[in-house]
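Residues per chain are reported as follows:
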Amino acid sequence: MDYAAITETFTKLALEAGDLILEVYASPDFEVKSKSDDSPVTEADTKADAHISAGLRAAFPDLALVTEEQAATHTQEVSTFLIVDPLDGTKEFVNRRGEFTVNIALVEDGVPTHGVVYAPALGRLFRTTASGGAEEMNVETRAVEPISVSTPDMTGLNVVASKSHRDKATDDYIGQYSVADFLSAGSSLKFCLVATGEADLYPRLGRTMEWDTAAGDAVLRAAGGHVDRMEGGGPLRYGKSGFANPFFVCYAPGVDVKPL
C-alpha cells in the first residue's frame, strides 16, 4: 500500500471534517438525537461521516470501509479495512467541552497500522507516518514534530481516564498504582496523551467499539506504546464480530501492568 498517500488522505479528510464539525459546534443551537443504543448523534456526526466516507471510497475503492454512523457496514467480516468514527466524544461535543475527535484508521490483518486523530476544537492533530512513526501536526502551520511515549516512573505514574465514563471499577483498578498525577480527557485523546508522553497509563473498563479506538491505537503503537486486552493479555485485535472491544489498557513500556 502507498502509506504516504494514506497518511495525506486521512489528514486532509480529518481536517475538512473538523471544519464541518466546528461549523455546527459554533451554532447557537443544534439538534441532538438518540441512536438505538441511546448514544447521542448530531448533525455534525452525519456531515463529517458523509464527507469522510465519500473521500475514502473515492481514494481507496478496493478497501472495505467500516464507519460508526452506517449500520450496514457493521455486519462485514473483514481483517483489512478502513474504519472511521467521524465524531468521537459526542457527549463532549454536546456539552461544549471541546475534547472530541475525528478518527480515521487503516487496519491490516487485524492490526491498526495507520491512523489520524484530530481534535478540531483544540487544534491538535496526531497521526502515524508513512515510515511507521508518530507525530503531532501544528494545524495552523502544518509543521510536524515526532512524538513518543514516556519513560514511566512506577513510584508515581501519570494516569489518564475517561471524562464521561469514569466509574468505580476504573477507580479501583487505578488504585493498584502509585499515581503522581491524574488527567481526565474525552474521546480518543486519551490514547494520544499516552502517545505524547503526557500520560503513562490509560485503562478502559467499559464498552467501546473498534471505531472508537483504532486510530488512537495506531498512533499509540507507532509512538512506542501498547494497547493490550485486560483479560488474557496480548494486543487488542480488530475485525472482531460486531466490532466490539473487550476491556483494555494502554501504557508506555516500563509500566508494570496490574491484573484486572
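How each quantity is defined
- Residues numbered from 1 in each chain as written.
- Predicted model: local features only at pLDDT ≥ 70, side-chain atom pairs only at ≥ 80, totals over all residues.
- Heavy atoms only, no water.
- Helix = DSSP H or I, 4+ residues; strand = E, 2+ residues; numbered from the N terminus.
- Expected span 1.5 Å × (residues − 1).
- Buried < 20%, exposed > 50% of the residue type's maximum accessible area, 1.4 Å probe, protein only.
- Arc of directions from axis to C-beta.
- Contact = heavy atoms within 4.5 Å.
- Polar contact = N/O pair within 3.5 Å; in protein donor to acceptor, adjacent residues only side chain to side chain.
- Pairing = 2+ DSSP bridges.
- Core = buried A, V, L, I, M, F, W, Y, C linked by side-chain atoms within 4.5 Å.
- Salt bridge = Lys/Arg side-chain N within 4 Å of Asp/Glu carboxyl O.
- Phe/Tyr/Trp six-rings, centres within 6.5 Å; stacked < 30°, edge-to-face > 60°.
- Lys NZ or Arg CZ within 6 Å of the ring centre and 35° of its normal.

Quick look at helix α2 (residues 43-59) now. Side chains three or four residues apart in an α-helix point the same way, a direct result of the helix having 3.6 residues per turn. Over its 17 residues, α2 runs 24 Å from end to end, which matches the ideal 24 Å to within 8%, given 1.5 Å per residue. Burial in α2 covers these residues: Ala44, Asp45, Ala48, Asp49, Ile52, Ser53, Gly55 and Leu56. The arc that holds the buried residues of α2, viewed along the axis, is 170 degrees, so those residues lie on one side. Contact partners of the buried residues in α2: α1 (3-25), β2 (40-42), β3 (64-67), β4 (81-88), α3 (90-94) and β5 (101-108). In this structure Thr42 caps α2, since a side-chain oxygen of it lies 3.1 Å from the backbone nitrogen of Ala44.

Most of β4 sits out of view: eight of its eight residues are buried. Two strands pair when backbone bridges link them, and β3 and β4 are joined in this way by four bridges, in the parallel orientation. Bridge assignment links Val66 to a residue of β4, and that residue is Ile83. Relative to β5, β4 runs antiparallel, the two being bridged by six bridges. In the sheet register, Ile83 faces β5, and the bridge partner there is Ala105.

Along the chain, Phe60 falls in the loop between α2 and β3. Judged by relative accessible area, which is 13%, Phe60 ranks as buried. Distance from Phe60 to Arg221, taken between C-alpha atoms, is 23 Å for residues 161 residues apart in sequence. Other than its neighbours up to four places away in sequence, Phe60 contacts Ala5, Ile6, Thr9, Phe10 and Leu82.

If you check α1, its first and last C-alpha atoms are 32 Å apart, about what 23 residues at 1.5 Å a residue would give, namely 33 Å. For α1, the N-terminal cap is Asp2; the gap from its side-chain oxygen to the backbone nitrogen of Ala4 is 3.3 Å.

This part covers the nonpolar core. The biggest cluster of nonpolar side chains holds 37 residues, and the ones touching the most others in it are Phe81, Ile83 and Leu220. Mapped by element, the contributors of at least two residues to this core are β3, β4, β5, β6 (111-119), α5 (189-195), α6 (210-222) and β14 (248-251). For Ile83, the contacting residues outside a window of four places in its chain are Val66, Asn103, Ile104, Ala105, Val107, Glu210, Trp211 and Ala214. Grouped together as the second largest cluster of nonpolar side chains are 30 residues, Ile21, Leu63, Leu82 and Leu106 included.

Bringing the pattern of salt bridges into the picture now. Going through the model one piece at a time under the given rule, you end up with eleven salt bridges. A salt bridge links Glu136 to Arg124; the shortest N-O distance between them is 2.8 Å. Placement of the pair is Glu136 in strand β8 (residues 134-138) and Arg124 in strand β7 (residues 124-128), with a sequence separation of twelve residues. Judged by its relative accessible area of 19%, Glu136 is buried.

Take unusual backbone geometry next. One non-glycine residue, Asp109, lies in the positive phi region at around 50 degrees. Its place among the elements puts Asp109 in the loop between β5 and β6. On the accessibility criterion, Asp109 (54% relative accessible area) is exposed. One non-glycine residue, Arg142, lies in the positive phi region at around 70 degrees. As for its position among the elements, Arg142 is in the loop between β8 and β9 (144-146). Take Arg142: its relative accessible area is 47%, and that puts it in the partly exposed class.

Tallied over the full model, the rule gives eleven aromatic pairs. When the centroid spacing of 6.5 Å and the interplanar angle of 40 degrees are considered together, the rings of Trp211 and Phe243 count as tilted. Taken as a pair, Trp211 in helix α6 and Phe243 in the loop between β13 (226-229) and β14 lie far apart in primary sequence, 32 residues in all. Note on Trp211: relative accessible area 6%, which makes it buried. Here a set of aromatic residues connected by ring pairs shows up, and it is made of Tyr25, Phe30, Phe93 and Phe100. Note that Arg96 overlies the ring of Tyr25, its terminal NZ or CZ placed 5.7 Å from the centroid. The residue whose ring lies beneath Lys240 is Tyr238, and the NZ or CZ to ring-centre distance is 5.1 Å.

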